[in-house]
Amino acid sequence: MQMTQRWIRWPAGTHNRTPTEGRNGPIAFGGDYNPEQWSEDVWQDDVRLMQEAGVNLVTVGVFSWARLQPTPDTWEFEWLDRVLDLLHEHGIAVDLATATASPPAWLTTAHPEMLPVDRLGTVLHQGGRQAWSPSSVVYREHSLRLVEKMAERYASHPALSMWHVSNELGCHNGRCYSELSAQGFRRWLRERYTDLDTFNRAWATDFWSQHYGTWEEIEPPRIAPSFSNPTQQLDFARFSSDALRDQLRAEVEVLRRHTPDVPITTNFMVMGHFKEVDYGTWVDDLDLVSNDHYMMAHDPEAHVELAFSADHTRGLAGGQPWMLLESSTSAVSWQPVNTAKPVSQLRRNSLTHVARGADAVCFFQWRASAAGAEKYHSAMLPHAGTDSELWRSVVELGADLQRLAEVSGSTVDSSVAIIVDYENWWAAELDAHPSSLLAYRRTAEGWYRSLWDANIPVDIVPRGADLTGYRVVLAPMLYLVRDADVAALDSFTRAGGQVLVTYFSGIADENDHIRLGGYPGAFRDLLGVRSDEFRPLLGEQQVALEGASLGALTGTLWSEPVVPTDAIVLATYTDGPSAGFAAITRAARGEGKAWYVSTELDAIGRRAVVDAVCAAAHVTAPIGATAGVEVVVRRSADVEYVFAINHTPQEGSVAAAGTDLLTGQVRPAPVLIPA
């Protein structure tokens, strides 16, 4: 996947980011800045403390629409002028938001039809945020008028470093079931299918008497008496992502017309619980890929999910550096229990993002709010002020990032890719499936965890990405595939690659129609296996597997009576509904091999398979380390930057030697990493 990378313009007095210098300037450090919540005398304290902390980039204007346009015919930009001037005077660059994320009350009051509607038909009113339907023409017209005003006014402002379109598009309005959305859905379907005959075949409308005679009869998949048409649900997810992308593109067009040389981004939400948007279809509209990431406090392995999301963001960025635009210094405000992070975790989390390709570490937000729905959300400057452990840790992190400046612009090289695809996430978890216990992202994270434990670098790439240069490709639960996807994996394998496919893959085509002839459907020939039915497992049910080279393994969630056609059997089910049948297989294809795993293995089993696949591909960790020490390497033309992060309560070590950028010391191997 190719995308244009534009470089950030930094204000006078800071390092100019240009790709010709071998590194691309300082690592951006800062966060969302909401000066409109505070009196102007506080602003002076803000910029002074930003300088003390080493802040060099802030996002301004995200939720400012009501202040910038208090009435339909009134504009008030003077306060924002003063903010940008003040930041520029203090050498702080601005990521200027288009302010379109949340419309003002006067707009939703005048046009209640623009409000989003949930699947039950409930109107989601103003009073929170993102109270707009992506299908609303009224919202589009008013939002673009605002963007035009912003671009005209600030195009030449010296503080302007980059544009920030909206905010977390789809976070709270990713699915709208209003009549406006129904109209937009019909237009989208007509463009996709052209005629009703093609459409009816795609939706298999002969099932349950669902045939449509006119486009006007079609509705979004609102709550129905029974299961909704699966292709209807899948297409509505595609439409909803595209509707948000259309808003993104509309704002980008205005900004490019006024400021063609200023890079544009929007903050993705690549994290475990958000699947509303197919980000793989958005990246070509942006100059820089940015992400917001928040950890779930209840998850003891949250640091692994963080690494997964960081690698996924880098994969969406085509392997190029990316920006962390939001994370939390400590507690968030929206989980059932919002636990505080130890300050050591703040440092580990932030540097993990940098290790995995982030050239920016930013937070929500700069100063903790005194009122509003997020007043208990942590910030860089907490309620307690500067006499606090959290503030001191933020200042220390800023100093760390300044010492790491030369890392900026370097990249992570990976020989292993995991395909993670949002359409598959949507489709694999639809209702009326053989098991409701399957979880697409959890399965992908499980295989990732085995590679993380082995410190083998991984690119997490969208379906359709160029696989050239990889030696191993994992396709966990690639349920919905196009013929081109199968051909790409087949070509990759025959050229010498090792491909691993898991259960519930290759089952359906792009319309969610079963690929007939036995499972795993489209991958039968590549994998050299066939099964004639699924045999999912109940709840906590487990099955035992045995293989000469893999040993005794345990499976959960799924099993199949796998019969090899020309694959060799690596492990067999010894009990359960598929006892006696193959469970894990490998088929030789050209210069490479295709592996199939037909159950959900536990951590020990996954690691055994990953080790075998990587050994066949001659893939090893670039640098050795003790267990629990996460190691990532970023590379520039002539330097390796080794990040070693200890997640254990014991001292660890990494088999590396070099200059410690945080202390300036030359360190012989092995380097000890404190608990």
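Each value, and the rule that gives it
Residues numbered from 1 in each chain as written. Predicted model: local features only at pLDDT ≥ 70, side-chain atom pairs only at ≥ 80, totals over all residues. Heavy atoms only, no water. pLDDT = per-residue confidence, 0-100. Contact = heavy atoms within 4.5 Å. 1 Å grid on protein atoms, 1.4 Å probe; cavity = no way out; pocket = protein on both sides within 12 Å on 5 of 7 lines; lining within 4 Å. Points joined across faces, edges and corners; volume = space filled by probe spheres on them. Helix = DSSP H or I, 4+ residues; strand = E, 2+ residues; numbered from the N terminus. Nonpolar A, V, L, I, M, F, W, Y, C, P; charged D, E, K, R; others polar. Pairing = 2+ DSSP bridges. Axes fitted to C-alpha atoms, helices over the stretch in contact; angles between N-to-C directions. Polar contact = N/O pair within 3.5 Å; in protein donor to acceptor, adjacent residues only side chain to side chain. Disulfide = S-S within 2.5 Å. Patch = residues over 30% accessible without salt bridge, like charges linked within 9 Å, V, L, I, M, F, W, Y side chains within 5 Å. Areas by Shrake-Rupley, 256 points an atom, 1.4 Å probe, with all protein chains shown as cover. Salt bridge = Lys/Arg side-chain N within 4 Å of Asp/Glu carboxyl O. Buried < 20%, exposed > 50% of the residue type's maximum accessible area, 1.4 Å probe, protein only. Phe/Tyr/Trp six-rings, centres within 6.5 Å; stacked < 30°, edge-to-face > 60°. Lys NZ or Arg CZ within 6 Å of the ring centre and 35° of its normal. Expected span 1.5 Å × (residues − 1). Arc of directions from axis to C-beta.

Averaged over all residues, the pLDDT of the protein is 95; the fraction at 70 or higher stands at 96%. Here residues 1–24 is a poorly scored stretch, pLDDT under 50, and it has 76 contacts once near neighbours within four places are set aside; other chains count.

Before going further, it helps to examine empty space enclosed by the protein. All chains considered together, the criterion is met by four cavities of 30 Å³ or more. Estimates place the volume of the largest cavity at around 70 Å³. In this structure, the largest cavity is lined by 14 residues; those nearest its centre are Ser 327, Ser 328, Lys 341, Asn 349 and His 353. Every element with two or more residues in the lining of the largest cavity is listed here: α10 (343–355) and β9 (358–363). When residues of the lining of the largest cavity are assigned to their parent elements, the largest contribution, four residues, is made by α10. Here the residues of the lining of the largest cavity are counted per class, giving seven nonpolar, six polar and one charged.

Pairing is antiparallel across the open sheet formed by three strands, whose spatial order is β10-β23-β24. Where the open sheet ends on each side, the last strands, each with one partner, are β10 (411–412) and β24 (640–646). As paired strands, β10 and strand β23 (residues 629–635) are joined by two bridges and run antiparallel to one another. Following the sheet pairing, Val 412 is matched in β23 by Arg 634.

The nine strands are arranged β5-β4-β3-β2-β1-β9-β8-β7-β6 in an open sheet whose pairing can be described as parallel. Only two strands of the sheet have a single neighbouring strand rather than two, namely β5 (264–265) and β6 (267–268). Pairing analysis gives four bridges linking strand β1 (residues 28–33) to β9, with the strands arranged parallel. Opposite Gly 31, over in β9, you have Phe 363 as the bridge partner. The strands touched by helix α3 (residues 78–89) within the sheet are β1, β2 (57–60) and β3 (93–97), with β2 carrying the most contacts at an inclination of about 175 degrees. Sheet contacts for helix α5 (residues 137–154): β3 and β4 (160–164); angle to β4, the most-contacted strand, approximately 170 degrees.

A separate point is the side chain of His 157. Locating His 157 in the fold gives a position in the loop between α5 and β4. In terms of polar contacts, His 157 uses its side chain to reach the side chain of Asp 85, at 2.7 Å. Side-chain polar atoms of His 157 contact the backbone nitrogen of Ala 159, separated by 3.0 Å.

Here we come to the state of the cysteines. On inspection of all chains with the given rule, the structure shows zero disulfides. The closest cysteine sulfur to the non-disulfide-bonded Cys 171 is located on Cys 176, 15 Å from its own sulfur. The closest cysteine sulfur to the non-disulfide-bonded Cys 362 is located on Cys 171, 18 Å from its own sulfur.

Before going further, it helps to spend a moment on a nonpolar patch on the surface. On the surface, a cluster of nonpolar side chains totalling about 370 Å² of accessible area is made up of Phe 207, Trp 208 and Phe 227. The class for Phe 227 is partly exposed, based on a relative accessible area of 46%.

One pass over the structure, following the stated rule, counts 34 aromatic pairs. Centre to centre, the rings of Phe 199 and Trp 203 are 4.5 Å apart; their planes meet at 50 degrees, and the pair counts as tilted. On the criterion of helical spacing, the pair formed by Phe 199 and Trp 203 is a turn pair, its members being four residues apart in helix α7 (residues 196–203). The residues Phe 199 and Trp 203 share a single accessibility class, namely buried. Consider the rings of Phe 308 and Tyr 448, whose centres lie 5.2 Å apart with planes at 80 degrees: the pair is edge-to-face. With Phe 308 in helix α9 (residues 302–316) and Tyr 448 in helix α13 (residues 440–453), this residue pair connects regions lying 140 residues apart in the sequence. Under the relative-accessibility criterion, Phe 308 is labelled buried at 0%. Overall, Tyr 448 belongs to the buried group, its relative accessible area being 2%. One Lys or Arg, Arg 586, reaches over the ring of Trp 595 and ends 5.2 Å from the middle of that ring.

Further remarks concern the pairing of β23. With respect to burial, β23 is a largely interior element, six of its seven residues being buried. Strand direction decides the pairing type here: β23 and β24, joined by seven bridges, are antiparallel. The residue bridging Val 631 from the neighbouring strand is Ala 644, located in β24. Counted between consecutive antiparallel strands, the loop separating β23 from β24 contains four residues.

Of note, the bond from Tyr 519 into Pro 520 is cis; its omega dihedral lies within 30 degrees of zero at 0 degrees. Mapped onto the elements of the fold, Pro 520 is located in the loop between β14 (498–502) and α15 (524–527). In the segment running from Ala 669 into Pro 670, the intervening peptide bond is cis, with an omega of -10 degrees. Phi is positive for Met 477, close to 50 degrees, though the residue is something other than glycine. Checked against the element boundaries, Met 477 lands in the loop between β13 (472–475) and α14 (483–494). Not every positive phi belongs to a glycine, and His 618 is a case in point at roughly 60 degrees. Along the chain, the position of His 618 falls in the loop between α16 (603–616) and β23.

Looking now at α16. Its 14 residues give α16 an end-to-end C-alpha distance of 20 Å, which sits within 8% of 20 Å, the value for a rise of 1.5 Å per residue. Those residues of α16 that sit buried are Gly 605, Arg 606, Val 609, Val 610, Val 613 and Cys 614. For α16, the angular spread of buried residues about the axis comes to 155 degrees, placing them on one side. Two residues or fewer after α16 comes His 618, characterised by a positive phi angle close to 60 degrees.

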